[in-house]
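Chain residues, written in single-letter form:
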Amino acid sequence: MSWIRASTLNWIQFLCVKIIKSGRVPKHIAFIMDGNRRYAQKNNVRKFEGHSQGFDKLAETLQWCLDLGIPEVTVYAFSIENFKRSQEEVDALMELSQQKFERLLSEKDKLMEHGVCIRVIGNLSLLPQNIRKLIAQAMILTKDNKKTFLNVAFAYTAREEMAQAVRTAVSGVERDALQLSDVTQQLLSNCLYTSTSPDPELLIRTSGEVRLSDYLLWQVSCSCIYFADVLWPEFSIWHLLAAIIKYQRSYAQLVPVQQADEMANGCLNERISLFHTCLAASRLASLEELNHAVA
Ligand SMILES: *[C@@H]1O[C@H](CO)[C@@H](O)[C@H](O)[C@H]1NC(C)=O
């Protein structure tokens, strides 16, 4: 199934979307797409089928987000913890991901036409070479697109991300590119995989589980969190709209927290700006390297 599809709202859904859009909609939503395996079990199909339907649901959800005017979405596709599942399931998931990234690249024209920027966040070195290369291609191809952003957390956990950010900052101090006093909240935010994204305003987790599972722990400190009691392949536009209504109701309380958060972020000195510029350049260089590596 295609990543980019046409809107399929019926008139009543269209009407509800229109009403909800007259209020404030989040600029960035993060999803924990949980429940594919339980869905497979419930419906007596193979796990792989559950994951595959989960992907179709992602494509559908992205379209709803576009219909709602939400420019950025981050999804938890594969956690570092997931490597501990059976070899058979991990292999099947890698196979599915490879197909989906290939499909994504084959839809290059549509991606460019819609201005979709794809970013994969996570430790790519944990992934098989062929997938790394596809990811690098997709990211380089779409890096200058600015209309909509899809961030895919793949081989990701928030604590690994934070550890990696601290290592980056420490190495900056060690080689005198930074001073110890430069290591602030803002500097660490800029060393995370998500450095180029604003924090999500809404996080939605499906399947009824009420935990964050090491996902975007740094970034959701002020976000509205919504737990939907439905397995991911059964997620519907009504669940999404309910989550947004909850966000709209709590927005008034969220604003002061977010403003305080922004004020805590002081202004940058020249040394720090240079450090960030070099970091961005070195990240791009490692993608270029992956892209040119022989798979
Ligand atoms: C990715 O994981 C590997 C293996 O655990 C580790 O050596 C490496 O430092 C990590 N890379 C980053 C960028 O965190």
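Scroll up to find the structure.
Values in this document were obtained by computation on a predicted structure and should not be read as measured data.

Considering the sheet that holds strand β1 (residues 28-32)
- The strand order across the open sheet built from six strands is β3-β4-β2-β1-β5-β6, with neighbouring strands paired in parallel fashion. Either end of the sheet is taken by a strand with one partner, and the two such strands are β3 (116-121) and β6 (224-227). Neighbouring strand axes in the sheet, compared pairwise and without regard to direction, differ in orientation by 20° on average.
- Pairing between strand β5 (residues 202-205) and β6: four bridges, direction parallel. Following the sheet pairing, Leu 203 is matched in β6 by Ile 225.

Re a negative patch on the surface
- Among the surface-exposed residues, Glu 88, Asp 91, Glu 95 and Glu 102 lie close enough to one another that they form a single negatively charged patch.
- Relative to the helices and strands, Asp 91 resides in helix α4 (residues 87-106).
- Of the residues examined, Asp 91 reaches a relative accessible area of 41% and is grouped as partly exposed.

Examining the site of the ligand
- For the ligand, the full set of nearby residues is Asn 123, Ser 125, Leu 126, Glu 160, Gln 164, Arg 167 and Tyr 193.
- In isolation the ligand exposes 360 Å². Once the protein is present, 45% of that is buried.
- Of the residues assigned to the shell around the ligand, the class counts are two nonpolar, three polar and two charged.

Quick look at the layout of surface pockets
- Taken as a whole, the largest pocket encloses approximately 1,000 Å³ of empty space.
- Along the walls of the largest pocket sit 31 residues, with Met 139, Ala 280, Arg 283, Leu 284 and Leu 287 positioned nearest its centre.
- Elements with a contribution of two residues or more to the lining of the largest pocket: β3, α6 (129-142), α7 (158-174) and α10 (270-292).
- In terms of residues, the lining of the largest pocket owes the most to one element, α10, which gives 10 residues.
- For the lining of the largest pocket, the class distribution of residues is 13 nonpolar, 12 polar and six charged.
- Looking at the second largest pocket, its volume works out to about 830 Å³.
- Lining the second largest pocket are 34 residues, with Met 33, Tyr 76, Ala 77, Phe 78 and Asn 82 sitting closest to its centre.
- Sorting the residues of the lining of the second largest pocket by element identifies α2 (36-42), α3 (47-68), β2 (72-79), α4 and β4 (148-156) as the ones contributing at least two each.

Thoughts on empty space enclosed by the protein
- By the definition in use, this model includes two cavities of 30 Å³ or more.
- Approximately 230 Å³ is the volume found for the largest cavity.
- Lining the largest cavity are 20 residues, with Leu 62, Leu 66, Val 116, Thr 148 and Leu 150 positioned closest to its centre.
- Only α3, β2, β3 and β4 provide two or more residues apiece to the lining of the largest cavity.
- With five residues, α3 is the largest single contributor of residues to the lining of the largest cavity.
- A class-by-class count of the residues in the lining of the largest cavity yields 15 nonpolar, three polar and two charged.
- What the second largest cavity holds in volume is close to 30 Å³.
- As for the second largest cavity, its lining consists of His 28, Thr 74, Thr 194, Ser 197, Pro 198, Asp 199, Pro 200, Leu 216 and Gln 219.

Observations regarding the side chain of Thr 194
- Along the polypeptide, Thr 194 turns up in the loop between α8 (185-191) and β5.
- Given a relative accessible area of 12%, Thr 194 falls into the buried group.

Observations regarding the nonpolar core
- Phe 31, Ile 135, Phe 154, Leu 202, Ile 204, Leu 240 and Ile 244 are the most contacted members of the largest nonpolar core, which totals 59 residues.
- Within the second largest apolar cluster, 12 residues are counted, among which are Ile 121, Ala 158, Tyr 193 and Leu 216.

Brief notes about α10
- For α10, which comprises 23 residues, the first-to-last C-alpha distance of 33 Å matches the rise-based estimate of 33 Å (1.5 Å per residue) to within 8%.
- Taken as a whole, α10 has its buried residues at Ile 272, Phe 275, His 276, Leu 279, Leu 287, Leu 290 and Asn 291.
- Packing partners of the buried residues in α10 comprise α6, α7 and α8.

About the criteria used
Residues numbered from 1 in each chain as written. Predicted model: local features only at pLDDT ≥ 70, side-chain atom pairs only at ≥ 80, totals over all residues. Heavy atoms only, no water. Pairing = 2+ DSSP bridges. Helix = DSSP H or I, 4+ residues; strand = E, 2+ residues; numbered from the N terminus. Axes fitted to C-alpha atoms, helices over the stretch in contact; angles between N-to-C directions. Patch = residues over 30% accessible without salt bridge, like charges linked within 9 Å, V, L, I, M, F, W, Y side chains within 5 Å. Areas by Shrake-Rupley, 256 points an atom, 1.4 Å probe, with all protein chains shown as cover. Salt bridge = Lys/Arg side-chain N within 4 Å of Asp/Glu carboxyl O. Lys, Arg positive; Asp, Glu negative; His and termini not counted. Charge placed at Lys NZ, Arg CZ, Asp CG, Glu CD. Buried < 20%, exposed > 50% of the residue type's maximum accessible area, 1.4 Å probe, protein only. Near = heavy atom within 4 Å. Nonpolar A, V, L, I, M, F, W, Y, C, P; charged D, E, K, R; others polar. 1 Å grid on protein atoms, 1.4 Å probe; cavity = no way out; pocket = protein on both sides within 12 Å on 5 of 7 lines; lining within 4 Å. Points joined across faces, edges and corners; volume = space filled by probe spheres on them. Core = buried A, V, L, I, M, F, W, Y, C linked by side-chain atoms within 4.5 Å. Expected span 1.5 Å × (residues − 1). Contact = heavy atoms within 4.5 Å.

All we've got here are geometric facts, nothing functional implied.
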